[in-house]
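Report on the structure
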Amino acid sequence: MKKMNILSKLKQIGVIAVVRGATADAALNSSDAIIAGGMKGIELTFTVPNADQAIAKLVEKYRSDSEVVIGAGTVLDAVTARLAIMAGAEFIVSPTFDLETAEICNLYQIPYLPGCMTITEIKTALKAGVDIIKLFPGNAFGPSIISAFKAPLPQLNIMPTGGVSLDNLEDWFKAGVVAVGVGGNLLKPAETGDYEAVTAVAKQYVDKYRSIQGV
């Protein structure tokens with residue numbers, strides 16, 4: 001039940017922010033700015049120093065907001081996955097598929113979103129209980145690849161990450177994805193400490209997504 005509730009939230013949120021940062025404080029500031037803009041899904045990556053501590057702080061801060069979902073990204077192994085889960089991460093994202101990570105996520109009833117590029121990789125992930133496939137990097141394919149993947153595997157839930165922008169957001173959802181991950185252009189203003197601009201860009205994504213969904 002826990003896993004299904006989180007998956008339902010991720011699909012409802014639609015646009016997940018992939019948060020990186022040179023420091024944990026920078027990642028926390030970016031996350032706060034993104035949530036302030038109305039984006040409720042945060043994937044804080046383990047390229048951030050002390051990422052597990054940052055995740056724990058975000059989970060505690062937004063515990064009372066049932067719409068906010070905090071997850072961990074760039075999780076390369078099961079040890080890191082468990083560290084993130086113990087910190088409160090509600091979903092785990094990897095750049096590649098890892099069976100041990102899938103197993104630890106299943107054990108704790110946490111959604112695992114591994115990066116896959118081929119039908120073979122996707123089939124392996126599905127057999128391991130994966131519910132959403134992270135198509136990574138998305139800019140290596142483009143929205144047209146979704147129908148090619150879903151032709152033999154119509155049950156696929158796909159979340160592209162990498163190359164998703166305000167300009168092509170509608171194309172991805174029209175192609176049939178359940179969610180998208182966005183990072184680079186969303187976080188660009190944070191590099192100069194302009195978190196107000198991050199909030200503004202986040203709001204643009206939320207508005208665009210709501211328009212696509214007809215909300």
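Here goes a summary of the coordinates provided. (Residues numbered from 1 in each chain as written. Predicted model: local features only at pLDDT ≥ 70, side-chain atom pairs only at ≥ 80, totals over all residues. Heavy atoms only, no water.)

Here's the deal with the packing of helix 4 (residues 78-86) against helix 5 (residues 99-107)
Packing of helix 4 against helix 5 leaves a shortest axis separation of 8 Å and a crossing angle of 25 degrees. In terms of orientation, helix 4 and helix 5 fall into the roughly parallel class. The two elements helix 4 and helix 5 cross, and the hand of that crossing is right-handed. Between helix 4 and helix 5, the residues in contact are Ala78, Ala81, Arg82 and Ile85 and Glu100, Thr101, Ile104 and Cys105, respectively. (Axes fitted to C-alpha atoms, helices over the stretch in contact; angles between N-to-C directions. Helix = DSSP H or I, 4+ residues; strand = E, 2+ residues; numbered from the N terminus. Parallel < 35°, antiparallel > 145°, perpendicular 65-115°, else oblique. Left-handed = near helix turned anticlockwise from the far one by under 90°. Contact = heavy atoms within 4.5 Å.)

Looking at the pairing of strand 1 (residues 15-19)
Burial within strand 1 is extensive, with 5 of its 5 residues counted as buried. Taking every second residue as pointing to the same face, both faces of strand 1 are buried, with Val15, Ala17 and Val19 on one and Ile16 and Val18 on the other. Bridging between strand 1 and strand 8 (residues 180-182) involves 3 bridges; their strand directions are parallel. Bridge pairing in strand 8 places Ile16 opposite Gly181. Where the polypeptide runs from strand 1 across helix 2 (residues 24-36) and back to strand 2 (residues 41-45), its parallel neighbour, the crossover connection is right-handed. (Buried < 20%, exposed > 50% of the residue type's maximum accessible area, 1.4 Å probe, protein only. Pairing = 2+ DSSP bridges. Right-handed = clockwise from strand over helix to strand, strands pointing away.)

Observations concerning helix 3 (residues 51-61)
Within the span of helix 3, buried status applies to Ala51, Ala54, Ile55, Leu58 and Val59. For helix 3, the angular spread of the buried residues around the axis is 135 degrees, confining them to a single face. Counted as exposed and oriented over 90 degrees from the buried face of helix 3: Lys57, Glu60 and Lys61. Elements that come into contact with the buried residues of helix 3 comprise helix 2, strand 2 and strand 3 (69-73). (Arc of directions from axis to C-beta.)

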